[in-house]
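Each chain, written out:
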Amino acid sequence: MAKPLFRLISLLENTASEITMSEISKSEKYDVIIIGAGAAGLMCAATAAFRGRKVLVLDHANKAAKKVLMSGGGRCNFTNLTVESENFICSNPHFCKSALNRYTQWDFITLVEKYQVEYYDKTSGQLFCTKSSRDIRDLLLAECQKSGARVQLKTAINKISVNADSTFTLQTIGNSYLCSSLVVATGGLSIPTMGASGFGYSIAQQFGHQLITTNAGLSPLTFNSKILNQFKALAGNSLIAEVSCEHNSFTGSILFTHKGLSGPAILQISSYWSKGKPLKINLLPDLDVLSWLQSNKQDRPDINLKTLLSTQFSQSISAFLVAQLNNVLFNGTSSESNIKLKQIEHKMINQIAGFLQNWVVYPDDLEGYRVAEVTTGGIATDEISSKTFESQRQRGLYFIGEVLDVTGQLGGFNFQWAWSSGHAAGEHV
Ligand SMILES: Cc1cc2nc3c(=O)[nH]c(=O)nc-3n(C[C@H](O)[C@H](O)[C@H](O)COP(=O)(O)OP(=O)(O)OC[C@H]3O[C@@H](n4cnc5c(N)ncnc54)[C@H](O)[C@@H]3O)c2cc1C
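Numbering of residues starts from 1 in each chain and follows the order in which that chain's sequence is written. Where totals are concerned, whole chains, interfaces and linings use all residues; where local detail is concerned, this predicted model gives features only for residues with pLDDT of at least 70, and gives and counts side-chain atom pairs only at 80 or more. With hydrogens and water stripped out, all remaining heavy atoms of the structure feed into the side-chain values.

1. Examining the site of the ligand
Any residue with at least one heavy atom within 4 Å of a molecule or strand is counted as near it. In the vicinity of the ligand lie 31 residues, with Ala-40, Asp-59, Ser-197, Glu-402 and Phe-415 positioned nearest. Two N or O atoms form a polar contact when they lie within 3.5 Å of each other; inside protein one atom must be a possible hydrogen donor and the other a possible acceptor, and for residues adjacent in sequence the pair counts only when both atoms belong to side chains. A distance of 2.8 Å separates an oxygen atom of the ligand from a polar backbone atom of Ala-40. The contact in question runs from a nitrogen atom of the ligand to an N or O atom on the backbone of Asn-77, over 2.9 Å. Isolated, the ligand exposes 990 Å² of accessible area, and the fraction of that covered by the protein chains is 94%. Under the DSSP-based scheme used, a helix requires at least four consecutive residues in state H or I and a strand at least two consecutive residues in state E, with every element numbered from the N terminus. Among the secondary structure elements, those contributing two or more residues to the shell around the ligand are helix H2 (39-50), helix H3 (66-70) and helix H14 (413-426). Here the element with the most residues in the shell around the ligand is H14; it accounts for four residues. When residue character is reported, Ala, Val, Leu, Ile, Met, Phe, Trp, Tyr, Cys and Pro are called nonpolar, Asp, Glu, Lys and Arg charged, and the others, Gly included, polar. Looking at side-chain class alone, the shell around the ligand contains 14 nonpolar, 13 polar and four charged residues. Only the protein chains shown count as cover for residues, with accessible areas throughout obtained via the Shrake-Rupley method and a probe of 1.4 Å.

2. Structural notes on the sheet that holds strand E3 (residues 77-80)
Taken together, three strands build an open sheet; the order of strands is E3-E6-E5 and the sheet is antiparallel. Across the chains shown, the open sheet's two edge strands, defined by having one partner strand only, are E3 and strand E5 (119-121). Adjacent strand axes in the sheet meet at a mean angle of 30°, parallel and antiparallel pairs treated alike. Pairing geometry for E5 and strand E6 (residues 126-129), over three bridges, is antiparallel. Within E6, the residue paired with Asp-121 across the bridge is Leu-127. We call two residues in contact whenever any of their non-hydrogen atoms come within 4.5 Å of each other. Only the contacting stretch of a helix is used when fitting its axis, a line to C-alpha atoms as for every element, and angles between N-to-C directions run 0 to 180 degrees. The strands touched by helix H5 (residues 105-114) are E3, E5 and E6; relative to E3, the strand with the most contacts, the crossing angle is about 135°. Here the rule is simple: two strands pair whenever DSSP picks up at least two bridges between them.

3. Concerning the pattern of salt bridges
One side-chain nitrogen of Lys or Arg within 4 Å of one carboxyl oxygen of Asp or Glu is enough to make a salt bridge. Per the counting criterion, the structure on display carries 11 salt bridges. For Lys-275, the salt bridge is made with Asp-365, and the minimal N-O distance between the two is 3.7 Å. Of this pair, Lys-275 sits in the loop between helix H9 (264-270) and strand E16 (279-282) while Asp-365 sits in strand E18 (residues 365-366), placing them 90 residues apart in sequence. Burial classes: relative accessible area under 20% of the type maximum marks a residue as buried, over 50% as exposed, and values in between as partly exposed (1.4 Å probe, protein chains only). Assessed through its relative accessible area of 30%, Asp-365 is described here as partly exposed. Residue Glu-383 pairs with Arg-393 through a salt bridge whose shortest N-O separation is 2.9 Å. Taken together, the residues Glu-383 in the loop between strand E19 (374-379) and strand E20 (397-399) and Arg-393 in the loop between E19 and E20 connect sequence positions 10 residues apart. For Arg-393, a relative accessible area of 46% gives the class partly exposed. If you follow the salt bridges from partner to partner, you end up with Lys-259, Glu-367 and Arg-370 in one network.

4. Here's the deal with the environment of Val-403
On the secondary structure map, Val-403 appears in the loop between E20 and strand E21 (407-408). Its relative accessible area of 0% is what places Val-403 among the buried residues. Along the sequence, Val-403 and Gly-200 sit 203 residues apart, while their C-alpha atoms lie 6.5 Å from each other. When sequence neighbours within four positions are dropped, the list of residues in contact with Val-403 reads Val-184, Thr-186, Gly-187, Gly-200, Tyr-201, Gly-378 and Ile-379.

5. Quick notes on helix H12 (residues 315-328)
One less than the residue count of a helix, multiplied by 1.5 Å, gives the span that helix is expected to have. In a regular helix each residue adds 1.5 Å, so 14 residues correspond to 20 Å; H12 covers 20 Å between its end C-alpha atoms and thus fits that length. When H12 is considered as a whole, its buried residues turn out to be Ile-317, Ser-318, Phe-320, Leu-321, Val-322, Gln-324, Leu-325 and Asn-326. Contact partners of the buried residues in H12: helix H8 (225-231), strand E13 (238-245), strand E14 (248-256), helix H11 (305-310), helix H13 (346-357) and strand E17 (359-361).

6. Re the confidence of the model for the protein chain
Residue-level confidence of the predictor is summarised by pLDDT, bounded by 0 at the bottom and 100 at the top. When pLDDT is averaged across the protein chain, the result is 92; 92% of the residues are at 70 or more. Overall, residues 1-25 carries pLDDT values under 50, and its contacts beyond four positions in sequence, including any with other chains, amount to 48 contacts.

7. Observations concerning the pairing of strand E10 (residues 175-184)
Counting buried positions along E10 gives eight out of 10 residues, so the element sits mostly inside the fold. In the sheet, strand E1 (residues 28-35) pairs with E10 via seven bridges, with the strands oriented parallel. Paired with Lys-29 across the strands is Leu-178, a residue of E10. Relative to E10, strand E9 (residues 168-172) runs antiparallel, the two being bridged by five bridges. Bridging from a neighbouring strand, Gln-171 pairs with Ser-176 of E10.

8. Quick notes on the packing of helix H10 (residues 289-299) against H13
Remark: H10 packs on H13, axes separated minimally by 9 Å, with the N-to-C direction vectors making an angle of 140°. Regarding the angle of H10 to H13, the classification is oblique. Like other packed secondary-structure pairs, H10 and H13 cross with a definite hand, here right-handed. Facing H10, whose interface residues are Val-289, Leu-290, Trp-292, Leu-293, Gln-294 and Lys-297, H13 presents His-346, Ile-349, Asn-350, Ile-352, Ala-353, Leu-356 and Gln-357. Looking at side-chain class alone, the contact of H10 with H13 contains eight nonpolar, four polar and one charged residues. Roughly parallel refers to an angle under 35 degrees, roughly antiparallel to one over 145, roughly perpendicular to one between 65 and 115, and oblique to any angle outside these ranges. Should the near helix be turned anticlockwise from the far one by less than a right angle, the crossing is termed left-handed; should it be turned clockwise, right-handed.

9. Section: the environment of Thr-257
Structurally, the position occupied by Thr-257 is in the loop between E14 and strand E15 (260-262). Taking the C-alpha atoms as reference, Thr-257 lies 9.4 Å from Leu-221; in sequence the two are 36 residues apart. When sequence neighbours within four positions are dropped, the list of residues in contact with Thr-257 reads Ala-235 and Ser-262. Side-chain polar atoms of Thr-257 contact the backbone nitrogen of Lys-259, separated by 3.1 Å.

Have a look at this one:
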């Protein structure tokens, strides 16, 4: 179960409210209130307000869409040219299909072009802003303004209650708000300093929804000090590798850090990894390593192994690999580290190829929410409509975006999920 990271100021209630009619008449009344002015919340707000709904977005942070601003290294990877349900992790793999099909990457790209935001395909269809993430945040706020949705920041919600007529009352310090549709768009737990909180999970639990265990996703991996001692000298080095965990594999850059491993391929696999599982790393994914070693043994018998490895890896990675091979295959006899190819038996050539293509490492842990881009797990989707995002437990209550048990892979998929789920709910509230 998720551990809420925040302290609720007062209890949430899902029982009939004790608020009197005179108090209700003093409340600000809205058709729709959305908690969370992030990617999903703002998309939902504008969509609903363009339909003529009176919409208020409440957020406890001092700025809207902080994660949009910090995303993609300041350039927001706002979607991907190819979006499939396979790009998402969810206990129900079909759940995300409907929303993704109804508001697609092309719909969001049309919106981006309408605002003349310059963008480019960085790699593999990942669309980034050419100038700044601010362009996407400004676009979302402009849509809210045009549609008439109101965004109110620095507002902490103390209490949520359901009234006898199934409307909701939200209490903040000094104010109460009434709405017929309440949308929870509070995101995941990653980067608490950016306003992330477990509030959405607590609201879900109050209404009887189940949570799927949460964890840091798209996170660097840490290693214990024994393994780290071997990596230490490599901090800052990167290479292209294929990283696998069970039946999931990603090819991309991996980066050695002073805590362990990071880089896109490691972030990708981290969302599928859990403690105790090994990672298998193919250090030369584009090469038939055995044939390469064999042909070099035949054509360049006097070259030593380290020199040969240096044709594929940086000097420091080659030295590290020779040391590893020395330990694993040559029982740590240092003289063997300068071994020439002609001195290596065929059986050993097979073992070296196996090592380079299947280096097995056991990470100690995920680096955690402090640095993770997303949260895996969240509100179970089995009691949420995949078409409208309405709770099947409480009429008028909706959950959208990352707070749900839907996690995208690296590459713009998490924002596409925010746009698609936010739009779907916005069409219905
Ligand atoms: C460093 C970083 C880089 C990223 N880069 C990318 C990228 O390039 N591409 C991509 O697709 N994804 C990226 N992501 C992931 C992406 O930012 C999220 O998946 C996405 O923002 C989720 O949208 P959301 O609206 O569900 O939640 P959020 O955008 O997190 O919005 C949630 C909002 O709810 C508010 N909130 C939380 N608790 C409360 C409360 N108690 N009361 C009131 N308001 C509350 C928060 O202040 C916040 O404004 C990145 C994430 C990080 C951390």
